[in-house]
Structures are given as structure tokens and as C-alpha cells.
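# A closer look at the structure
These are the residues of each chain, in order.
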Amino acid sequence: MLSDFSKDFSSGSTVFHQAMMSSTKKPCPIVTSMISLISHFRNPEIQVGATRLLSMLCIIGDHSPPYLFGTSCFGPEDKQIADFRRSVYNVLSEQFLWNENLFVAVLKLLTSAARYQPAFLISVLDDKGKAEVLEALLQFAKRSDDLINSNPRVWLNVLNFLQALWQGASQYTDILKQLRSSGRLWKELSKYINIIAKTKPFSFQTLYKMEAQSLAYKYQCQAVILEIVACDMFLQRKLQLLNQKPDLSKEGIENGGFSGNVAKELCHFKDILSLSCDQSILGDLIQSSMSFDYDNEVTLRAKIAASLFAVHVMGKLATGDAGSLSVSLSKKIHVMSKKLSALPAFTELAAQYSQQGYSGGKELDLLILSDLYYHLQGELEGRKIESGPYKELSYYLLDSDFLQSYRSKSSEDLFSPADHVYLFNTLQIKTDMGLDLWKYSQWKPFESIGERMLICIQEANLMLLLSSSKLSALRAVVSVLSLNQEESTEDKSPTKREMSKQLNPSWIDHICRCFHSTLKSLSPVFYSSETILHFLAAQVELLLSLLKSNYKMIPINKHLLVLETSALGLRMLNDFIPSVAAVQRTMKLLLMLLLSSLECISFNLHSDNIGITEVRNTCLRLLPVLCNCLGNSENYALSLTVIDLMIKHCLVPNTWFPILQKHLQIQLLIQKLRDKDSLNLVPIILKFLLTLSHVKEGAEMLLISGFFPSLKLLFEKPPQHIWGLGLSVITSMIHSLGESSTYLDFIDSVINYFFKEKVYLISFYLNNPPVDFASDDRPDRKRARSQKRQTTLSSLKETENTLVLICVLAKNHRSSWVKAMKETDSQLRERSIHLLAFFSQATSPLLCPPLLKEEIDSYRNPSFVRSRNAWFALSALGCVPHSRSFSDISNKTTALILEDQSTENTTGGGSSTYFADTVGVQIYKISFLLLKYLLLEAKGAAKRAEELGFVDLAHFPELPMPEILHGLQNQAIAIVTEICDANKIKLIQPEIQSLCLLLLQIMEMSLYLELCVSQICGIRPVLGHVEGFSKEVKLLIKATEKHAFLKASMTELKRIMSLVFPHLSKAERFS
């Protein structure tokens, strides 16, 4: 009764709990009485009962609202605590387990107190610096060699108590310190892991009952030990972090649950590492825990035996003979009988029997039940029921909730790792059957029916317990490997690198074979156990952990095996009921495994063509499976992400598009953009549609499917950061569809919507960051204007996407663009020039703090450009978290001096980061697009001038002043020269090469615009600028000579420079 109350505290049990927990109970509180009774060594049964009751009271006391019981009753007097401590010590220090039940009960009490009453436990274990109880446990641990084989249940309870201490580490600092200081503990744990890891695979059918129970306890012991190791690894990791921060206060460390010299505390960490990272141990653990011998036939036999019993009872109840059955069981079977007789198959049988001359009514029903009984008896003996009415009736009985109603959470070991398993309550079944009375009644001839059912159910329970225990062991292995993976990722020390090396890629073959074997035991019919699904999930988790920790060392053929394994699992799980939580979780893990493997494959395919054909063939077979997974709403986003990654990096369009065209329901995909409940899916859907739109057929599919109208509805109240993605899809569609007149209506509708209906959004993103060119140069005004220049990386990307759309329309559909933009093109050019002028000046930082998780992560990484010039120097100051205010930044700089390349920049410090460099690159991408748009406008005007025969200055587009263009030229020269000089003898990384090419393109376009301005407006280059420019360009040419990837760009640059500065002497020419 107390056990039930402890698991489900309700208002209805308030009076009972108050009586049990009250500290004012007369003559003494219940807790005090139980502590006293535990010392009653004359009667072990009283001791066991009192101990179990006190264990329950610990749980109840923790879960009960404090206002119900007033002062806690778990505060006995010192003398009572001393007596209790002595009693516990006497039990634990026995050389022989003369009373195993008492020993286990005491350990469970300590575990319960450790989890729910820490203050009470500390008072029991701490005897003025002595630790007799802990010493007794450590002495007992020496006997683990004997206990492993003779009595693993007792050893499991010892381990459960130790695990509870580690899980409550912040409260048991001193206790853990004593346990850690004992070398014996880790030695015994390591010894046990070595023994259990070498356990050979077994078949359930070959095990005796006691062997199976013993093996189940052994796997639970393994699980607890590995969980203790994982927990201690996590704690040591925290200690190491504290050790790296010597300025932390002593109080701060103690609040974290640790005290004393942290470095000294870490001395035993090598024992943990040897236990968790040794290749042979991990290999043996994976080998022993991965195989899964779950026999569905055992569960099926239990259900058939239960159905056989139910049909027999139905016949008895039909004659009014309920025997010794309980009322509740009689009612259950009576309801089943009514439902069974109402089935179409039962009616069909009644009609067949009537045609053969049998009379109707009760006798006919009894005849059908009798025949059904013998059919079920035959199936129990190995003869299958043929298809037909009896087969349908047997399906109903097997799928009924008669036996399921007796499933309950296992409570044999309250704190065991397999405590989550639900077993059939054979004791309750036997009680409801009244089986002990059958021998004294007319039911005696049928006693074997009930006994056989109980035997079959007990076998099913044993298999469930064994499989659940092995599952807990496998999950513990996953926990340790996951922590190893985190350690090796975050810490670059030799020890951690060694941890990563120890992971053997060959284990992947074994895991995949075991996964296939487990999958074979899975069936979508009613008698499959959820334990199989949980085991499949754990196997996938282990595989995922191996992939993450060892991805650089895993060859392509292993990834192919992972892809095939994932496809097989997804294909089979799609046949199951999607609402089953275990199915959802396993499918999610399989998709994550696919994603991880595809990321590794895409990385390797770019650097190595080995296995590319096999990868593509495997991916093509996977695509229909993944499209089918989109029918599962729970894993919709993950499935679509995997498809997107696969077609983007691993396949070519002429292979994947026909498959998607056949299997992908594009209409349903686009409809989700309109679904208010699917807003979280919008970015993922748009990214996939962007990939699809890169192919002309895909763009046509989106056009036909009504993507643009759906996007317009989405833009009415757009989620955050959707504008740029939506524009990217439209831009890609326009580019893929080409310049054909077939799509002019679509082009006109795009221009009309974005540049008339949504022109305010276009203006907003062309004013990002906000620029103000007021003439008031007073310091306070300048500071106010500077403080307004705040943006985000996401907003800068939205600006880029806006400009990309403008450039594509202005270039590819010039006539439609000019026609639609007659009234607004001047304002658009002015905004573009203003933004370009701001980027050209580069005199004060742009505040762009990292906000998203990936931005914060990149902020922690070092610079990849390593430039101290222009926007890369300013970004180092402005791209900092919100904790650093603008005043801190502005006090460090007022201008960036580009001319003095030989000295440090004048920013006064500020180390650059990966995030700051990303912002800098983004600024130059936007500058490139602004120049491209203005150049397209200038080219359009030049073409009109050729057609008219003269330059119409009244309608000539606005162009940037030479000073603006000079600023961009100077920045490009300074950065490229700096990068090339710094990499004279080493290869420049691809992303830095792309930046250099981008900057040279910016320089080239700015020179073209300068040429246009000088020829139209008659502005001649200033001599001082020409001389300075010539000097810097010569340094640029010299710096780029040894870098072949810049040769073509430099050739074009020299050509345009000779046009802009024709008056320079031959000696000064850029040759």
C-alpha cells in the first residue's frame, strides 16, 4: 500500500500520509519507531519490514508538500542516529550473508535516503570524521568476484547505492572524496566490467530460469557501473574547467559541490579513463551488449495461452459457472465474450454451423467456443490456424487487453536500471483466477490450463526482464561513449586525442549486423514488444556516437553501410503506427544518423572521388524512403533536411529530380507555408525549395504549384528571418527559368509585388545598417549617429538577398525592370549609393553582436582572415556580445587609417574572431552587389546613349562620387596585399581565395564606374590620388605574383586601370 502511495501521491491519501509522516505522532513518530525496530536483531523479519517501510517513507517525505506535515520527521536525535548507524554497520559488515533479504533491504534504504533524504543519510554516514558504514561497503566490495557469479542481485544493490551518491554529488562531496581516495573501488568496478564484457552471446531458449535471472542482474550491474563512470567523467570535466580558472573563489567551488585542491581531486581520473576508453574493453562491451535475442514467439505463446484460458472461461460463464474467479476477472472475460460474439467472423461461423443442421442459441455459441478452444490449443502446440473466421477470432483475442490489463511496472528492485520495464503481474493473475481452489471444485480437470498460462507468462516476464536489463547496459555504453566524444571534441589534450583514436571503425560493421538482426525480430503486428524498438534506438544512438567521435577516420564504405542500414530501418518502421512514441524516437535517431553520415560523405566527396558511384546509387535508393517519411509529422523537418542535404551535395539533378517528381507531394509541401501551425517548418521548407529551384524543372514545378502566391501570404505576417530566404527562392527561380518570354507574367508579378506593394521592405533592407549623412559634426551628434548603426548578421544576409534579386531582375529582364521602375528607380539608386558610401568610409565600427547559437559559437573561434585592415579591423571591435557596450568600443577608435599598412591599425586593440570576419565578408558581399547594380544601371544608360546618338544627362542614372569608389579601391588593395604578403610560402585556404577574388571584383567594378563618371561628367583624376593609387597598386601586383588563382583577375584589373588612367607614362603603366 505504501509503495502505491509513494508512486502516486494524491489528495485522497492526505490523512493517511499525515498519520505516517507526522513528527508529533504519539507516543513517537513512525520514522523513529522504524529506526528503533531496525535494531531488533532477534527477529529479522521485523527488521526487514521496518527497513522497507522506512525506505518508502523517505520517498513519501520527499514528494509530499511541506505544508501538509509541518516539521520534517527525518531528523531523529543523535542517539537514535548512532543506534541506527551501528545497526546498519552490523548488517553490512557481516562476513556471510546470513540474511540476504535484510542486507538488500538495508542497501535499498540507504539508496532511498541518498535520493530523497540527503541530510538524513549524511547524518548516518558521518560519525565525527569516521566512515564505518562506507568502510564496511568497501570491504564488502572486495567480495565482488564471488558475488558476480553467485549473487549478482546483492552486488546490484550495492552499486545502486553508489550510483545514488554520484548522482547527488553536490550534496555528498566529502563522501565521494572518501570513496575516490580508495583505489579498491575503481579496481573492483574495472574488474567487473572486464568480466561481464567478455560474456558470450546467448540464446534465451538455452537458458534456465536461474541463469536468465542471474544474467539479467549482471547486465544491470554493468549498466550501473558504466553510469557511475559516466557521471564521474562529467564531474571531473567540471573540475577541470574549474581548475583552469584559478581566480574562482573557494565559495564558488564549494557551491558546485567540490572543495579542496581541485588538481588533487583529479589524480584518479586516469583510472576512469582506462575504464571508459580502453579499446579492448569498449570493444568487448559493444560486442556483448549489442546483440539482442528477443523471441517474439515467447510473448506470442503467453498471449495464446491467455486466450486459451479466456475462451475456456467464456464457455464456463455461458453455463453460469464462474468457479473461484474474482468478480473483476469474470467481468473482463464476460465483456470479451460479448465483443467476440459480435464479430463478423463469429456470425459467419454461426451461419455455417446452422446450414449444417446445428440448432442456434447458446448451444451453438458453446460449440463455436469449443472449436475455437481446440484451434488455439493446436496453435499453442505448434499447429498454425489456417486463414478464415477462426484466424480472425484468434487475432481479436491476441490483440485484446485481457493480458495487457495485468501489466505493471516492475518493483522487485526499486532502483534498478531495468525498473522501467513493465511485466505481467502473475501473482495478481493467480489470485484473480483463484487457482488454488480449482483442485477442490469442478474446475479441477482444467487446472492445467491455468498453470500452463502462468508458466508461459512467467517465461515472457523473464525474457522481458533479460532484454530490458541488456537494454540498460547498452544505454550505459552509449552514455560513456557520448561523454568520450564530448571530451575529445572540446579538449585537445593528448589524453583526449587518445580517447578519440581508441574508437575502432570496425565496430560499425558489428553494430549494423546486430541492428539488422534486431530488425528481423520486429513485426508490425500486435505481439511485438516495445523493448525491441527501444533496443533499436539504443543501437542507433551508439552508431551515431561513433560517427560523431570518429568521423574523420571512417572510410566511405562504412558510411555506405550506415546509409543502407538507416534505409532498411526507416523502410520497416514506416509500416508501424506513427503515434507510438518508441517508433517516433527510433525514426528520429535514424534520420539523425543519416544526416551525420551524409555530412561526412559530402565533405569527403569534395576531396576524394573514391566511392562516389556507390554513394549516389545508395542515395537514389534512399530518396523514395525519405519522401515516404514526410508523411510523419513528428519527423517532417528532419526528413526534409536530410533530403535537402542529399540532393544538394551527393547527387546530380538529372538523377534525383525524376524521383522527387514521382514521390514528393510538392503541393502538400507548399501548403505548409500557409499553415499557421507549421511556422517552425517554414525556414526548412524554404531552404529545400531553394535547392529545388536551382533546376529549371524544379523552378517550373514551383511555378505550377503556386509557390509565389503562398509566399505572398506568408509575407503578410512573416516569421523572423524569412524575407531573405523567400527572396532567394524567387531569385533562383528567375535565374533557372531564364530569359524566355513564356514566364514574363511571373516576372511582372514579382516586380510589381516586391517593388510596389512591398517597396517599404526593399527600402528597409537597403538602409541596413541605418546610415545618416547629416552635416552636423558635433561630437555628441556623431556619437548618436554611430549608436544607430547597429544591425545583425541575419539582417545583413537579408540585405544581400534583396540586392541579389534586384541584380537578377535588372540584368536578365531589363525591359520589364525599366518599364516597372520608371518612378522609383532614382530612389533605389540613391539608397544604394548612400549604403555604398557608408561601407566606403569605414571610419567607425558597425555594432553587430552575435545572437544565434551558431554565431556565438563562431565568436569563440579565432579569425580566419587575419586582416587588420578596413572592415575586418572594425568588425573585431563592433562584433562583440551585448555585454560590451558601445561606449567601450567607441572609446577605442575614431577612425581607421588605411594608408599606413606597416603599422597596427588604430583600433586600440580588439582581437578578431571568426564571427567578426564573417560580418566583414558579408559587408563586402553587399558592397559587390551594390556596385553590380549601379554598373548595370550605367550600362543600361550607355546602351540608350548609343541608340539615341547622344548622352541624355537629364535621365542619366545617379552614380557614386569618385571619393566613394576610391575608398572601396583602397580597402580592396590593402586587404588583398596584406593576405598575399602573409601567405607567400603557403597555400591560401579556399575561403580566403574567394574573399580575395571578391575584393578584386569590387575594385574592378569601382574602376569601371569611375571611368563612366569621368567620361560623362568630365571629372579628371586628381594627380595626388593617381600617384598614391599607382604606388599601392604596384605593391598589390608584386604581392599577387606568386598566387596563380589571382592571375586572371589581375589581368582584367590591369586592363581597366589602363583605361581609367590613360595619361600615365608607359613606365608607370600597370604591367
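It should be emphasised that the depicted structure is a prediction, and the values quoted were computed from it without experimental measurement.

### Looking at the overall build of the protein
- In terms of regular secondary structure, the protein is built from 52 helices and 2 strands.
- Classification of the 1071 residues of the protein by burial places 54% in the buried group.
- The contacts in the protein between residues at least 6 apart in sequence include a share of 79% that link residues at least 24 apart.
- When the accessible surface of the protein is summed, it comes to about 49,400 Å², and 53% of that surface belongs to carbon and sulfur atoms.

### What about the pattern of salt bridges?
- Enumeration over the complete set of coordinates arrives at 17 salt bridges.
- One salt bridge connects glutamate 541 with arginine 585, and the closest N-O pair in it is separated by 3.0 Å. Of this pair, glutamate 541 sits in helix 28 (residues 530–550) while arginine 585 sits in helix 30 (residues 581–607), and the two are 44 residues apart along the sequence.
- On the basis of relative accessible area, glutamate 541 is assigned to the partly exposed category, the value being 24%.
- Since its relative accessible area comes to 37%, arginine 585 is described here as partly exposed.

### Looking at the packing of aromatic side chains
- Following the criterion strictly, the structure yields 23 aromatic pairs and no others.
- Judged by centre distance (5.7 Å) and plane angle (15°), the ring pair of tryptophan 723 and tyrosine 765 falls under stacked. In this pair, tryptophan 723 sits in helix 38 (residues 723–737) while tyrosine 765 sits in helix 40 (residues 759–765), placing the two residues 42 residues apart along the sequence.
- Among the residues examined, tryptophan 723 registers a relative accessible area of 4% and is labelled buried.
- Among the residues examined, tyrosine 765 registers a relative accessible area of 11% and is labelled buried.
- Each ring, one from phenylalanine 838 and one from phenylalanine 839, has its centre 5.7 Å from the other, and the planes form 50°; the classification is tilted. Each member of the pair phenylalanine 838 and phenylalanine 839 is classed as buried.

### A word on the side chain of asparagine 801
- Tracing the backbone through its elements, the reader meets asparagine 801 in helix 42 (residues 793–812).
- Within the structure, the side chain of asparagine 801 is placed 3.3 Å from the backbone oxygen of glycine 724, a separation counted as a polar contact.
- Look past the residues within four positions of asparagine 801 in its chain and what remains in contact with it is Gly724, Leu725, Leu727 and Ser728.

### So, helix 8 (residues 118–125)
- Every buried residue of helix 8 is listed here: Pro118, Phe120, Leu121, Val124 and Leu125. Along the axis of helix 8, the buried residues cluster in a sector spanning 160°; they form a single face.
- Buried-residue contacts for helix 8 involve helix 3 (30–38), helix 6 (78–92), helix 7 (100–116), helix 9 (132–141), helix 11 (152–167) and helix 12 (173–181).

### A look at the packing of helix 38 against helix 42
- At a minimum axis separation of 8 Å, helix 38 and helix 42 run at an interaxial angle of 20°. Regarding the angle of helix 38 to helix 42, the classification is roughly parallel. Crossing geometry of helix 38 relative to helix 42 is assigned as left-handed. Facing helix 38, whose interface residues are Trp723, Gly724, Leu725, Leu727, Ser728, Ile730, Thr731, Ile734 and His735, helix 42 presents Glu798, Asn801, Thr802, Val804, Leu805, Val808, Leu809 and Asn812.
- Class assignment for the residues of the contact of helix 38 with helix 42 results in 9 nonpolar, 7 polar and 1 charged.

### Details of the environment of leucine 471
- Turning to its location among the elements, leucine 471 is positioned in helix 25 (residues 447–490).
- Accessibility expressed as a relative area gives 1% for leucine 471, which makes it buried.

### Some remarks on the nonpolar core
- Phe309, Leu689, Phe707, Ile730 and Phe754 are the most contacted members of the largest nonpolar core, which totals 338 residues.
- It is helix 25 that contributes the most residues to this core, 19 residues altogether.
- Beyond its immediate sequence surroundings of up to four residues, phenylalanine 707 is in contact with Ile670, Leu673, Leu686, Leu689, Leu702, Val729, Ile730 and Met733.

### Let's talk about helix 20 (residues 327–341)
- Taking 1.5 Å of rise per residue, the 15 residues of helix 20 would be expected to cover 21 Å, and the 21 Å separating its terminal C-alpha atoms lies within 8% of that figure.
- Of the positions making up helix 20, those classed as buried are Leu329, Ser330, Ile333, Met336 and Leu340. The buried residues of helix 20 occupy an angular sector of 130° when the element is viewed end-on, so they sit on one face. For helix 20, the exposed residues set more than 90 degrees away from the buried face come down to Val327, Lys331 and Lys338.
- Against the buried residues of helix 20 lie helix 19 (296–318), helix 21 (344–355), helix 22 (362–380), helix 23 (389–399) and helix 24 (426–433).

### With respect to unusual backbone geometry
- Positive phi, close to 55°, is recorded for arginine 866, a residue that is not glycine.
- You can see arginine 866 is positioned in the loop between helix 45 (853–859) and helix 46 (870–878).
- With a relative accessible area of 64%, arginine 866 lands in the exposed category.
- Here the phi dihedral of alanine 870 falls at roughly 50°; this positive angle occurs in a residue that is not glycine.
- With respect to the helices, strands and loops of the structure, alanine 870 is situated in helix 46.
- In this structure alanine 870 comes out as buried when scored by relative accessible area, which is 0%.

### Considerations on the side chain of asparagine 812
- Note that asparagine 812 resides in helix 42.
- What asparagine 812 contacts, discounting residues up to four positions off in sequence, is His735 and Glu739.

### Topic: the packing of helix 6 against helix 8
- Where helix 6 contacts helix 8, the axes come no closer than 9 Å and their chain directions differ by 70°. Comparing the axis directions of helix 6 and helix 8 gives the class roughly perpendicular. Contacts between helix 6 and helix 8 involve Ile81, Phe84 and Arg85 from the former and Phe120, Ser123 and Val124 from the latter.
- Looking at the contact of helix 6 with helix 8 residue by residue, the classes come out as 4 nonpolar, 1 polar and 1 charged.

Reading the values: the criteria
Position labels on residues start from 1 in each chain and follow its written sequence. Confidence filtering applies because this is a predicted model: local features only for residues at pLDDT of at least 70, side-chain atom pairs given and counted only at 80 or more, and all residues used for totals across whole chains, interfaces and linings. To obtain the side-chain values, all non-hydrogen atoms of the structure were used and water was disregarded. Runs of H or I in DSSP of at least four residues are treated as helices and runs of E of at least two as strands, each being numbered from the N terminus. The buried label applies to any residue whose accessible area, calculated with a 1.4 Å probe on protein chains only, is under 20% of its type's maximum; exposed applies above 50%, and partly exposed to all values in between. Here, residues are in contact when the closest pair of their heavy atoms is within 4.5 Å. In short, Shrake-Rupley with a 1.4 Å probe defines the accessible areas, and a residue's cover is counted only from the protein chains shown. One speaks of a salt bridge when a side-chain nitrogen belonging to Lys or Arg is within 4 Å of a carboxyl oxygen belonging to Asp or Glu. Between 30 and 60 degrees the pair is tilted, below 30 it is stacked and above 60 it is edge-to-face, where a pair is any two Phe, Tyr or Trp rings, Trp via its six-membered ring, whose centres lie within 6.5 Å. Whenever a nitrogen or oxygen atom comes within 3.5 Å of another N or O atom, the pair is scored as a polar contact, on the condition that within protein one atom can donate a hydrogen and the other can accept it, and that pairs from neighbouring residues in sequence are kept only if both atoms are in side chains. Here the arc refers to the directions that run from the helix axis out to each C-beta atom. Note on geometry: axes are lines fitted to C-alpha atoms, helical ones only across the stretch in contact, with angles between N-to-C directions running from 0 to 180 degrees. For classification, angles of less than 35 degrees are called roughly parallel, those exceeding 145 degrees roughly antiparallel, those between 65 and 115 degrees roughly perpendicular, and all remaining angles oblique. Crossing handedness is defined as follows: a turn of the near helix away from the far one that is anticlockwise and smaller than a right angle gives a left-handed crossing, while the clockwise case is right-handed. When residues are grouped by polarity, Ala, Val, Leu, Ile, Met, Phe, Trp, Tyr, Cys and Pro land in nonpolar, Asp, Glu, Lys and Arg in charged, and all others, Gly among them, in polar. Here the nonpolar core consists of buried residues drawn from Ala, Val, Leu, Ile, Met, Phe, Trp, Tyr and Cys, with membership extended through side-chain atoms lying within 4.5 Å. Expected helix span is given by 1.5 Å per residue-to-residue step, counting one fewer step than there are residues.

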